[in-house]
Amino acid sequence: MYRLTENLPIGVYDSGIGGLCVLKELCKEFPFESFIYFGDNGNAPYGSKSVEEIKTLSDRAVKRLKGKKVKAIVIACNTISTHLYNHIKDTSALVIIKTFPPACCDKDACLLCTPLTSNSERVKSCFLGKVIACKNLAGDIERNVFDLSKVDLKGILDHLPNKTSKIILGCTHYYYIKREIEDITGLKVYSGFDEVKNELFFSLKNHSLLKTHGNRKVTFIGKFRKKNEKVYRKILLKTPKWSKK
């Protein structure tokens, strides 16, 4: 195991493009940190796979990021986090940050998530409202991210209870259609990104790994790095700065 220092980058891992939304928020919150993004787009979406399948894929991805000498890994995927966070944390000497659907005691709230996330203990114990398992939504967004008009939301939103008070996103892919959902329903839509940023800040600080000066580098790795760079630049950022590798 290499020596962890504040100057090492932070790894961000997702099944595909969903984690880029988390990356964007992290870049705003941590102006001096460098990031390495790995999206396993070729195996997306994870939410319809078995736990054993995503365990194999996650172990491979974590090993790849460790090979880049990261000081922490942000699991920017609710499906991985809700089922494998403890496994990844227990088998790694790095700071591991999870992305969970926000806990909610409001019985009139509605959670949109993948089938695998909907069956997790996290959702069963920490969410009291309506849970809608969206079987194909993450995959549809992954395939049509440059033309989201092809993503059919009506079939999903028709399942919202009449008394729905708010909608919570339980998949980072869904962030791309957050505005559309708000426009259609007139409801406020929430994600769990603030919890991710807070946990990362305190974890880095407690381990003396928080970088407080210097220049940032954002690197994309993996077979689909060009696609992820393009999504990040064309959709999520106006004037991105990253290193090509």
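Engineer: Outline empty space enclosed by the protein, supporting the account with residue identities and numerical values.
Structural biologist: On inspection of all chains with the given rule, the structure shows 2 cavities of 30 Å³ or more. By volume, the largest cavity is sized at about 70 Å³. Along the wall of the largest cavity there are 13 residues; nearest its centre are Ser-15, Cys-77, Thr-114, Cys-171 and His-173. By residue class, the composition of the lining of the largest cavity is 5 nonpolar, 7 polar and 1 charged. Considered as a void within the structure, the second largest cavity measures approximately 50 Å³ in volume. Lining the second largest cavity we find Asn-78, Thr-99, Phe-100, Pro-101, Leu-169, Cys-171, Thr-172, Ser-191, Gly-192 and Phe-193. Of the residues that constitute the lining of the second largest cavity, the class distribution is 5 nonpolar, 5 polar and no charged.

Engineer: Give a description of the pattern of salt bridges that names residues and reports values.
Structural biologist: Any two side chains of opposite charge can pair, so long as their charged atoms come close to each other. Scanning the model with the defined rule gives 10 salt bridges in all. Lys-55 is paired through a salt bridge with Asp-59; the nearest N and O atoms lie 3.6 Å apart. Here Lys-55 and its partner Asp-59 are both found in helix H2 (residues 51-67), 4 residues apart, which amounts to about one turn of the helix. The exposure class assigned to Asp-59 is partly exposed, which follows from its relative accessible area of 32%. A salt bridge links Lys-98 to Glu-199, with the shortest nitrogen-to-oxygen separation between them at 3.2 Å. Taken together, the positions of Lys-98 in the loop between strand S4 (95-97) and strand S5 (109-113) and Glu-199 in helix H9 (residues 193-206) put the pair 101 residues apart, joining distant regions of the chain. Linked through salt bridges whose partners overlap, the residues forming this network are Glu-25, Lys-28, Asp-194 and Lys-197.

Engineer: Before we move on, could you go through the packing of helix H1 (residues 18-29) against H9 and cite the residues and values that matter?
Structural biologist: At their nearest, the axes of H1 and H9 sit 10 Å apart, and the two run at 50 degrees to each other. One element, H1, and the other, H9, form an angle in the oblique class. Judged by the sense of rotation from one axis to the other, the crossing of H1 with H9 is right-handed. Between H1 and H9, the residues in contact are Cys-21, Val-22, Glu-25, Leu-26 and Glu-29 and Phe-193, Val-196, Lys-197 and Leu-200, respectively. Among the residues making up the contact of H1 with H9, the classes are represented as 6 nonpolar, no polar and 3 charged.

Engineer: So, the packing of aromatic side chains: which residues are in play, and what are the values?
Structural biologist: Evaluation of the coordinates by the stated rule reveals 7 aromatic pairs. Note on Tyr-13 and Tyr-46: the rings are 6.4 Å apart at their centroids and 70 degrees apart in plane angle, and the pair reads as edge-to-face. With Tyr-13 in strand S1 (residues 10-14) and Tyr-46 in the loop between strand S2 (35-39) and H2, this pair connects stretches of sequence that are 33 residues apart. Within the aromatic cluster, the residues linked to one another by ring pairs are Tyr-13, Phe-38 and Tyr-46. A cation over a ring is seen here: Lys-98 above Tyr-85, with NZ or CZ 4.8 Å from the ring centre. The aromatic ring of Phe-146 is capped on one face by Lys-230, whose charged end is 5.0 Å from the ring centroid.

Engineer: Just give me the short version of the state of the cysteines, but keep the residues and values in it.
Structural biologist: Under the definition given, this model contains 0 disulfides. This cysteine, Cys-27, is not joined by any disulfide, and Cys-21 carries the nearest cysteine sulfur, 12 Å off. Unpaired in this structure, Cys-104 has its nearest cysteine sulfur neighbour in Cys-105, at a distance of 6.7 Å. With relative accessibility at 5%, the residue Cys-104 sits in the buried group.

Engineer: Outline the sheet that holds strand S7 (residues 166-169), supporting the account with residue identities and numerical values.
Structural biologist: Sheet architecture is open: 4 strands sit in the order S6-S5-S7-S8, paired in parallel fashion. Every interior strand has two partners, whereas the edge strands, strand S6 (130-133) and strand S8 (189-190), have only one. Sheet topology note: the S5/S7 ladder contains 4 bridges and is parallel. In the strand pairing of S7, Ala-109 is matched with Lys-166.

Conventions we followed
- Residues numbered from 1 in each chain as written.
- Predicted model: local features only at pLDDT ≥ 70, side-chain atom pairs only at ≥ 80, totals over all residues.
- Heavy atoms only, no water.
- 1 Å grid on protein atoms, 1.4 Å probe; cavity = no way out; pocket = protein on both sides within 12 Å on 5 of 7 lines; lining within 4 Å.
- Points joined across faces, edges and corners; volume = space filled by probe spheres on them.
- Nonpolar A, V, L, I, M, F, W, Y, C, P; charged D, E, K, R; others polar.
- Salt bridge = Lys/Arg side-chain N within 4 Å of Asp/Glu carboxyl O.
- Helix = DSSP H or I, 4+ residues; strand = E, 2+ residues; numbered from the N terminus.
- Buried < 20%, exposed > 50% of the residue type's maximum accessible area, 1.4 Å probe, protein only.
- Axes fitted to C-alpha atoms, helices over the stretch in contact; angles between N-to-C directions.
- Parallel < 35°, antiparallel > 145°, perpendicular 65-115°, else oblique.
- Left-handed = near helix turned anticlockwise from the far one by under 90°.
- Contact = heavy atoms within 4.5 Å.
- Phe/Tyr/Trp six-rings, centres within 6.5 Å; stacked < 30°, edge-to-face > 60°.
- Lys NZ or Arg CZ within 6 Å of the ring centre and 35° of its normal.
- Disulfide = S-S within 2.5 Å.
- Pairing = 2+ DSSP bridges.

Taken by themselves, the reported measurements are silent on function.
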